[in-house]
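# Structural description and commentary
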Amino acid sequence: MSAALKYTLGRIGLFVAVLAALWLVDVDVFLKLILALAFSAALSFFLLRGWRDEMAQEMAEATERRKAEKERLRAALAGEDQQSDEDQQSDESERRQP
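Residues numbered from 1 in each chain as written. Predicted model: local features only at pLDDT ≥ 70, side-chain atom pairs only at ≥ 80, totals over all residues. Heavy atoms only, no water.

## A closer look at a nonpolar patch on the surface
Stated precisely, the cut-off is as follows: A patch is a set of surface residues, each over 30% in relative accessible area and not in a salt bridge, joined within 9 Å for like charges and within 5 Å for the nonpolar side chains Val, Leu, Ile, Met, Phe, Trp and Tyr. Method for areas: the Shrake-Rupley scheme with a 1.4 Å probe, in which residue coverage is limited to the protein chains shown. By definition here, a salt bridge exists when the distance from a side-chain nitrogen of Lys or Arg to a carboxyl oxygen of Asp or Glu is within 4 Å. The secondary structure listing takes helices from DSSP runs of H or I that are at least 4 residues long and strands from runs of E that are at least 2 residues long, numbered from the N terminus. Buried means the residue's accessible area, taken with a 1.4 Å probe over protein chains only, is under 20% of the maximum for its type, while exposed means over 50%, and partly exposed covers the values in between.
Together, Met-1, Leu-5, Leu-9, Ile-12 and Val-16 make up an exposed nonpolar region whose accessible area comes to about 510 Å². Topologically, Met-1 is positioned in the segment before α1 (3-22). Met-1 sits in the exposed class, given a relative accessible area of 70%.

What follows is the structure in structure tokens.
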């Protein structure tokens, strides 16, 4: 399961748990929802720190992969990829010669 999904489900679960606890209090429903949102956000800051960090790490890795792929594609479109292939072939032929 992805870290983003775990974190999102954790946030929703905390919200539902806090809302269920507040349901017993005799106040307006809108106020219960607002309080549940605020309390669950504060709790998730502490309780879900590991999942949040894991999600941030996955997002950073995905960003780096996208940047690398973008640079590779730009190089290929600019013709630099063919040049580097030719360099590799010449390097290989030089290694084969005694």
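## So, α1
Keep this limit in mind: By this rule, a helix spans an expected 1.5 Å times one less than how many residues it contains. This arc is built from the directions going out from the helix axis to the C-beta atoms. Residue contacts follow a heavy-atom distance rule, with two residues in contact if any of their heavy atoms lie within 4.5 Å.
For α1, which comprises 20 residues, the first-to-last C-alpha distance of 28 Å matches the rise-based estimate of 28 Å (1.5 Å per residue) to within 8%. Within the span of α1, buried status applies to Ala-3, Tyr-7, Gly-10, Leu-14, Val-18, Leu-19 and Leu-22. When α1 is viewed along its axis, its buried side chains cluster within an angular range of 165 degrees and face the same direction. If you follow the buried residues of α1, they end up packed against α2 (29-47) and α3 (49-77).

## Re the packing of aromatic side chains
For clarity, the cut-off: Whether two aromatic rings pair depends on their centres lying within 6.5 Å, for rings of Phe, Tyr and Trp, where Trp uses its six-membered ring; planes under 30 degrees apart make the pair stacked, over 60 edge-to-face, and the rest tilted. Counting as a charge over the ring demands two things of the Lys NZ or Arg CZ atom: a distance within 6 Å of the ring centre and an angle within 35 degrees of the ring normal.
Scanning the entire structure with this criterion turns up one aromatic pair. Note that Lys-32 overlies the ring of Trp-23, its terminal NZ or CZ placed 4.5 Å from the centroid. Its end group placed over the ring of Phe-45, Arg-49 keeps NZ or CZ at 5.5 Å from the ring centre.

## Digging into α3
Here α3 contains 29 residues, and its C-alpha end-to-end distance of 42 Å stays within 8% of the 42 Å for a straight helix at 1.5 Å per residue. For α3, the set of buried residues is Arg-52, Met-55 and Ala-62. As for α3, its buried residues are in contact with α1 and α2. Backbone geometry just after α3 places Gly-79 at a positive phi near 90 degrees.

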